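Per-entry structural report
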Protein chains: 2
Amino acid sequence: MNPVELIRKKRNGNPLSKDELHWFLGEFVDGNVPDYQMSAFLMAVYFRGMTPEETAMFTDVMLHSGEVIDLSSLPGVKVDKHSTGGVGDKVSLILAPMVAACGVPVPMISGRGLGHTGGTLDKLEAITGFRTRLSIQEYRSVLEDVGVVLAGQTDEVAPADRRMYALRDVTGTIESVPLIAGSIMSKKLAEGIDALVLDVKFGDGAFMQEYDRALALARTLVGIGASAGKQTLAFLTAMHQPLGYAIGNWCEVVETIECLKGRSVPDLMEVTYVLGGAMLYLGGKASSIEEGMKRCRSAIWSGKAYEKFLEVVRRQGGDVNLILDPARYPKSAAAADVASVRSGVITGFATRALGLLAIDLGAGRRVVSDRVDPKAGIILRKKLGDRVESGEPIATIFTDRKDMVEDLADQLLECVTIAHEPVQVDPPVHSLVTPNGVSPWTTPQQY
Amino acid sequence: MNPVELIRKKRNGNPLSKDELHWFLGEFVDGNVPDYQMSAFLMAVYFRGMTPEETAMFTDVMLHSGEVIDLSSLPGVKVDKHSTGGVGDKVSLILAPMVAACGVPVPMISGRGLGHTGGTLDKLEAITGFRTRLSIQEYRSVLEDVGVVLAGQTDEVAPADRRMYALRDVTGTIESVPLIAGSIMSKKLAEGIDALVLDVKFGDGAFMQEYDRALALARTLVGIGASAGKQTLAFLTAMHQPLGYAIGNWCEVVETIECLKGRSVPDLMEVTYVLGGAMLYLGGKASSIEEGMKRCRSAIWSGKAYEKFLEVVRRQGGDVNLILDPARYPKSAAAADVASVRSGVITGFATRALGLLAIDLGAGRRVVSDRVDPKAGIILRKKLGDRVESGEPIATIFTDRKDMVEDLADQLLECVTIAHEPVQVDPPVHSLVTPNGVSPWTTPQQY
């Protein structure tokens with residue numbers, strides 16, 4: 001086979017065969033297809049897309065470019081959740097122990113913050129001592145013993161994806177549905193899962209801002225899951241405002257602890273319960289998503305979810321005393337309330353800009369080598385639809401960058417739209433995508 | 001500036017500014033923008049194209065990436081011709097001395113065979129001793145003394161194009177109108193010309209097979225020429241059959257000599273006279289293309305064109321005795337007539353396949369490092385519309401690859417379509433493109 005002919009074939013809009021994809025990606029990983037040919041191919045995929053079959057084969061080839069963890073010897077239906085990334089999205093931290101407490105094993109491999117979004121690994125590592133770099137053996141034994149494991153991707157998993165992802169980042173080829181889907185699913189399928197629930201975000205704070213593109217991605221992800229023989233569901237959820245109140249690593253852990261102890265944060269917990277209900281349903285521990293949601297709620301109310309969180313934190317080396325008494329955590333050099341300059345109703349958040357602002361406070365990385373300050377972040381005091389009076393705090397910001405506080409507070413105010421008329425706030429979970437199609441989702445009033 | 005942002009800008013269909021193109025290409029030539037970013041950019045250009053202004057700026061940036069030869073101290077309007085490449089296209093060899101004999105200086109920088117097409121440099125080098133690698137000083141002085149110079153591209157000319165062309169070749173990004181146009185025009189404008197006549201081929205034997213794509217290329221080329229302040233015309237000419245009878249380096253030189261001595265090869269000489277007439281018109285030596293054609297014809301009839309050819313061959317080190325007596329040239333190990341197996345009228349040539357067949361005989365390169373056999377080639381005995389009887393030769397093939405003769409003769413027969421009904425053969429020159437638009441071209445009956 002000839003790399004130029006394969007690039008031209010894709011460029012001309014023709015799907016590649018499995019043999020062709022296997023050869024091309026294999027030669028790329030082995031260094032025989034140079035980066036400049038792969039980047040031309042990736043740009044051609046950006047424009048021409050891939051057929052569903054081709055995307056499934058592409059994912060399968062990336063999956064088998066590295067180690068595929070086999071958890072079949074462990075009992076139970078192993079179910080994971082993946083989110084396409086948002087602002088204030090600490091769902092995984094609450095969800096994973098909650099679902100595990102209901103008897104569904106959760107092998108979860110997470111990533112770091114990317115662009116304006118936060119990453120579960122960075123949040124977990126805000127807990128002093130928490131180890132996310134586990135060997136495959138450790139990963140298996142934590143899952144076996146605790147029922148949940150929270151880890152980062154190892155070097156052995158999907159090396160084709162890792163190399164390709166790095167190249168996409170510097171060649172303007174990130175925003176392609178088949179490339180995103182292949183990247184997500186090759187990593188997820190390598191974890192050893194039996195089933196997967198996907199949280200595909202849309203709205204200003206999501207990577208796929210338009211609903212239709214997010215829906216296309218969700219359909220593609222579910223299609224790949226089905227092709228791989230894994231039960232897969234996706235929910236399309238809104239990212240028109242940060243999820244919950246906290247943005248930033250440690251402050252999101254604190255919000256997690258509060259929610260695990262029963263605090264009501266409506267949008268955050270609605271997403272968490274819906275995803276959890278679906279995981280229980282796929283995991284065979286509930287006869288419907290709705291019944292699964294009720295079981296999840298019981299796991300929160302009974303304190304079992306919180307206990308499971310303490311157990312996994314302890315097992316992965318985290319300082320449990322910080323969870324038991326979050327006030328012990330080090331404090332930022334500056335903590336400043338940001339007061340509204342007018343009265344009215346909050347009708348909009350520039351969510352992506354808030355994510356970038358949190359990075360400026362120190363909560364994320366501008367470049368890969370940046371160090372994350374786990375203390376830095378934003379705690380919103382208001383959500384969409386809330387009334388605010390002039391002089392009342394809209395948010396509190398935490399940072400060690402004292403000289404930037406005033407400037408960043410001003411920027412934060414620009415991220416908030418205040419009007420005189422109240423607005424209709426859409427519920428956070430919009431629709432459900434299964435291999436059979438898309439249906440609107442309405443979260444039950446009682447669960 | 002950030003290369004990823006420029007790639008994304010183009011990918012999203014937005015034109016780049018001159019500053020952006022200048023920065024991006026400059027950093028590429030300096031090695032700061034790696035090949036993988038340039039190849040993603042080139043693929044984005046393939047899909048998104050460039051505006052006419054952007055294409056002109058792109059060309060200008062490539063032009064000024066290297067040395068721009070200044071011939072302004074030499075008298076006369078310097079005019080060159082460029083062809084997009086065909087099979088049997090020896091026009092330059094006849095045209096350049098013919099136009100120079102009429103008093104228009106012709107500084108001509110040519111290329112080698114590419115794909116299925118032949119290259120003027122390879123044809124010139126079939127003349128034993130002929131030197132095409134000239135220093136800029138030699139190039140100037142040959143032009144000044146002889147009125148015509150026939151050379152290859154030097155390393156100093158348009159290095160951005162040279163690096164980019166090599167990358168396009170291996171990344172499936174050759175077939176893009178702005179990239180082709182920028183590549184051609186940056187090299188041509190670097191030669192020191194005042195005006196340019198373009199021969200843009202269409203049909204089976206051309207790179208741009210469809211007329212509409214060839215027309216788009218012609219318009220773009222003429223637009224760039226106009227932007228650069230050079231008088232530029234283009235003719236769209238048919239490549240439905242090889243031009244003239246000879247395909248292969250030395251046999252094309254022999255056909256050149258015959259035509260310079262007045263032999264009538266209708267399609268070949270019609271193209272040569274039309275292009276020559278246009279060069280004289282642009283060069284200020286004729287008041288119209290038609291008048292220029294008459295003057296060119298006089299230069300052939302008077303023997304002045306042939307004398308000029310001898311002069312430039314001698315001056316550039318070629319063995320003039322071979323021109324005076326072509327029979328002295330070494331002979332191929334095999335020369336085989338290919339006889340028709342049926343009677344009828346020739347209605348079609350697979351022109352591209354004939355070009356590739358000539359390469360198989362030894363006349364061109366499969367890979368860059370191949371050595372060209374100047375003796376190898378094909379002499380057609382018939383053209384489109386000619387009658388052929390069963391057993392009568394359609395062509396003669398020349399090669400040192402004796403064991404392949406039978407196989408290649410069979411292949412040649414497959415390149416020829418013979419029918420019982422005569423066909424209408426279109427004239428070779430189809431239309432004229434000027435900065436003001438396109439018009440059909442009808443070659444006058446008498447000139």
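Just so it is clear, the model here is predicted, and its values are computed rather than measured.

Looking only at helices and strands, one finds 17 helices and 14 strands in chain A. Summarising its shape, the C-alpha atoms of chain A cover approximately 70 × 45 × 40 Å along the three principal directions. Partitioning the contacts of chain A with sequence separation of at least 6, the portion at a separation of at least 24 is 76%. Counting only carbon and sulfur atoms, one obtains 49% of the accessible surface of chain A, whose full area is about 17200 Å². For chain A, the distance from the average position of its 47 positive side-chain charges to the average position of its 55 negative side-chain charges is 2 Å.

Before going further, it helps to spend a moment on the interface of chain A and chain B. Facing 22 residues of chain A, the contacting portion of chain B comprises 22 residues. With both chains or domains summed, chain A and chain B bury close to 1800 Å², and 66% of this area falls on carbon and sulfur atoms. It is R11(A), Y36(A) and F47(A) that lose the most area in chain A upon contact with chain B, and together they represent 34% of the buried surface on that side. Applying the counting criterion to the chain A and chain B interface returns four salt bridges. Close ionic contact of E175(A) with R11(B) constitutes a salt bridge, the shortest N to O distance being 2.6 Å. Considering each element in turn, the side of chain A that touches chain B owes the most residues, 10 residues, to helix 3 (residues 35–48) of chain A. Along the lines of polarity and charge, the residues of the side of chain A that touches chain B split into 10 nonpolar, six polar and six charged.

Turning next to the state of the cysteines. All names here are of chain B. Counted under the stated rule, the structure contains zero disulfides over all chains. Here C102 stays unpaired: no disulfide links it, and the sulfur of C296, its closest cysteine neighbor, is 4.5 Å away. You can call C102 buried: its relative accessible area is 18%. No disulfide involves C415; its sulfur sits 16 Å from the nearest other cysteine sulfur, which is in C251. Residue classification places C415 among the buried residues on the basis of a relative accessible area of 7%.

Okay, the packing of helix 12 (residues 266–282) of chain B against helix 13 (residues 289–301) of chain B next. Residues and elements named next belong to chain B. In contact at an axis separation of 7 Å, helix 12 and helix 13 are set at 115 degrees when each is read in the N-to-C sense. Here helix 12 and helix 13 pass one another in a crossing that is right-handed. Facing helix 12, whose interface residues are M269, Y273, V274, G276, G277, A278, L280 and Y281, helix 13 presents I289, G292, M293, R295, C296, R297 and I300. Looking at the contact of helix 12 with helix 13 residue by residue, the classes come out as 10 nonpolar, three polar and two charged.

Bringing the nonpolar core into the picture now. Residue and element names in this part refer to chain B. Judged by nonpolar contacts, the single largest core of 103 residues is most densely connected at M98, F235, I323, I378, I397 and L412. Among the elements that line this core, the one with the most residues is helix 12, at 10 residues. With near-sequence residues (within four places) excluded, I378 lies in contact with Y245, A246, I247, C251, L354, L357, A358, L361, A395, T396, I397 and L412.

One non-glycine residue, A158(A), lies in positive phi territory at about 45 degrees. You can see A158(A) is positioned in the loop between strand 3 (148–152) and helix 8 (159–169).

What follows is about the sheet that holds strand 4 (residues 195–202) of chain B. Residues and elements named next belong to chain B. Pairing is mixed in the open sheet, where five strands are placed in the order 1-4-5-13-14. Two strands close off the open sheet at either side, each with one partner strand: strand 1 (79–83) and strand 14 (437–440). The average angle at which neighbouring strand axes cross in this sheet is 20 degrees, direction not considered. In the packing of helix 12 onto the sheet, contacts are made with strand 1, strand 4, strand 5 (231–238) and strand 13 (429–434), and the angle to strand 4 comes to roughly 155 degrees.

Moving on, we come to the side chain of N249(A). All names here are of chain A. Summarising the element assignment, N249 is placed in helix 11 (residues 249–260). Engagement of the side chain of N249 in a polar contact is seen with the backbone nitrogen of K123, the distance being 3.5 Å. In this structure, N249 is in contact with G119, D122, K123, A126, A363, V372, P374 and A376, ignoring residues within four places of it in sequence.

Attention now moves to the sheet that holds strand 6 (residues 246–247) of chain A. Residues and elements named next belong to chain A. One open sheet holds the four strands; their spatial order is 6-9-11-7, and the pairing between them is antiparallel. A strand with exactly one partner marks an edge of an open sheet, and here the two such strands are strand 6 and strand 7 (334–339). Alignment of strand 9 (residues 377–380) against strand 11 (residues 393–399), held across four bridges, turns out to be antiparallel. Of the residues in strand 11, the one forming a bridge with I378 is I397. Against the sheet, helix 16 (residues 351–363) makes contact with strand 6, strand 9 and strand 11, and its axis sits at roughly 130 degrees relative to strand 9, the strand it touches most.

Attention now moves to the confidence of the model for chain A. One rule of thumb: low pLDDT means the predicted coordinates there are not for detailed reading. Confidence in the prediction of chain A, expressed as mean pLDDT, is 95, and 100% of residues score 70 or more. What the predictor reports for the complex is a pTM of 0.84 with an ipTM of 0.82.

All names here are of chain A. Here strand 3 lies mainly inside the structure; five of its five residues are buried. In strand 3, alternate side chains face the same way, and those of V148, L150 and G152 on one face and V149 and A151 on the other are all buried. As judged from the five bridges shared by strand 2 (residues 106–110) and strand 3, these two strands associate in the parallel manner. The residue bridging V106 from the neighbouring strand is V148, located in strand 3.

Once that is clear, we can look at the relation of the copies chain A and chain B. For the pair chain A and chain B, the superposition axis carries a translation of 0.0 Å, the fit reaches an RMSD of 0.1 Å, and the rotation angle comes to 180 degrees. The symmetry that links the two subunits is that of a two-fold axis. Within chain A, the C-alpha atom positioned nearest to the axis of rotation is that of Y36(A), 1.7 Å from it.

Right, let's talk about the packing of aromatic side chains for a bit. In total, this model carries 13 aromatic pairs over all chains according to the counting rule given. Taking 5.2 Å as the distance between ring centres and 80 degrees as the angle between the ring planes, the aromatic pair formed by Y46(A) and F47(A) counts as edge-to-face. Every member of this aromatic cluster is reached through a ring pair, and the members are Y46(A), F47(A), Y46(B) and F47(B). The side chain of R163(A) reaches across the aromatic face of F28(A), ending 4.2 Å from its centre. Stacked on the ring of Y447(B), the Lys or Arg R297(B) has its end atom at 4.8 Å from the ring centre.

Residue and element names in this part refer to chain B. Summed over all chains, the structure comprises 58 salt bridges over all chains. Salt-bridge contacts for D199 lead to K201; the nearest nitrogen and oxygen are separated by 2.8 Å. No difference in accessibility class separates D199 from K201, as the two residues are buried.

So, on to helix 4 (residues 52–63) of chain A. Residues and elements named next belong to chain A. Under the 1.5 Å per step criterion, the end-to-end length of helix 4 is 16 Å for 12 residues, consistent within 8% with the ideal 16 Å. Listed as buried for helix 4 are E54, T55, A56, F58, T59, V61, M62 and L63. Contacts made by the buried residues of helix 4 are with helix 1 (3–11), helix 2 (18–29), helix 8, helix 9 (177–189) and helix 10 (211–227).

Residue and element names in this part refer to chain A. Counting buried positions along strand 11 yields six of seven residues, so the element is predominantly enclosed. Two elements, strand 7 and strand 11, share six bridges in a ladder whose sense is antiparallel. Following the sheet pairing, V338 is matched in strand 11 by A395.

Taken together, the side chains of E406(A), D407(A), D410(A) and E414(A) present a region of like negative charge at the surface. Looking at the element boundaries, E406(A) is found in helix 17 (residues 405–414).

Glancing now at the packing of helix 5 (residues 91–101) of chain A against helix 14 (residues 304–315) of chain A. All names here are of chain A. Running from N to C, helix 5 and helix 14 point in directions that differ by 110 degrees, and their axes come no closer than 8 Å. Comparing the axis directions of helix 5 and helix 14 gives the class roughly perpendicular. The residues of helix 14 that touch helix 5, namely those facing L93, P97, M98, A100 and A101, are K304, A305, K308 and F309. Its residues assigned to classes, the contact of helix 5 with helix 14 comprises seven nonpolar, no polar and two charged.

Thresholds, definitions, all that
- Within each chain, residues carry numbers counting from 1 in the order of the written sequence.
- In the order they appear in the text, chains get letters beginning with A and ligands get numbers beginning with 1.
- Only residues with pLDDT of at least 70 are given local features in this predicted model, and only at 80 or more are side-chain atom pairs given and counted; all residues enter the totals for whole chains, interfaces and linings.
- Remark: hydrogens and water are excluded; side-chain values derive from all non-hydrogen atoms of the structure.
- Secondary structure elements follow DSSP: runs of H or I of four or more residues count as helices, runs of E of two or more count as strands, with numbering from the N terminus.
- Pairs of residues are marked as contacts when any of their non-hydrogen atoms sit within 4.5 Å.
- Per-residue and other accessible areas were derived by the Shrake-Rupley procedure at a 1.4 Å probe size, with only the shown protein chains allowed to occlude residues.
- Under this rule, positive means Lys or Arg and negative means Asp or Glu; His and the chain ends count for nothing.
- By convention, the point assigned to a charge is CZ for Arg, NZ for Lys, CD for Glu and CG for Asp.
- Accessible-area loss on putting two parts together, using a 1.4 Å probe and summing over both, is the definition of buried area adopted here.
- For this analysis, a salt bridge means a side-chain nitrogen from Lys or Arg found within 4 Å of a carboxyl oxygen belonging to Asp or Glu.
- Residue classes follow a fixed rule: Ala, Val, Leu, Ile, Met, Phe, Trp, Tyr, Cys and Pro count as nonpolar, while Asp, Glu, Lys and Arg count as charged, and any other residue, Gly among them, counts as polar.
- The disulfide definition used here is simple: a pair of cysteine sulfur atoms within 2.5 Å.
- Exposed residues in this analysis have more than 50% of their type's maximum accessible area, buried residues have under 20%, and partly exposed residues fall in between, with area computed by a 1.4 Å probe over protein chains only.
- As a rule, the C-alpha atoms of each element are fitted with a line to give its axis, helices using only the stretch in contact, and angles between N-to-C directions run from 0 to 180 degrees.
- Should the near helix be turned counterclockwise from the far one by less than a right angle, the crossing is left-handed, whereas a clockwise turn marks it as right-handed.
- As used here, the term nonpolar core means buried Ala, Val, Leu, Ile, Met, Phe, Trp, Tyr and Cys residues forming a set that is joined through side-chain atoms within 4.5 Å.
- Should DSSP find at least two bridges between two strands, the strands are taken to pair.
- Think of a polar contact as two N or O atoms within 3.5 Å of one another; within protein, one of them needs to be a possible hydrogen donor and the other a possible acceptor, and neighboring residues in sequence only count if both atoms come from side chains.
- Scored from 0 to 100, pLDDT reflects the predictor's confidence in each residue.
- Copy-to-copy alignment: least squares on C-alpha atoms, limited to residues at pLDDT 70 or above in both.
- Pairs were defined over the aromatic rings of Phe, Tyr and Trp, the Trp ring being its six-membered one, requiring ring centres within 6.5 Å. Orientation was assigned from the angle between planes: stacked under 30 degrees, edge-to-face over 60, tilted for the rest.
- Think of it as a cone above the ring: NZ of Lys or CZ of Arg counts as a charge over the ring if it is within 6 Å of the ring centre and within 35 degrees of the ring normal.
- Under the convention used throughout, the expected extent of a helix is 1.5 Å for every residue step, that is, one less than its residue count.
- Like charges are joined within 9 Å and nonpolar side chains (Val, Leu, Ile, Met, Phe, Trp, Tyr) within 5 Å, but only among residues with over 30% relative accessible area and no salt bridge; these make up the patches.
- With respect to orientation, any angle under 35 degrees is reported as roughly parallel, any angle over 145 as roughly antiparallel, any angle of 65 to 115 as roughly perpendicular, and every other angle as oblique.

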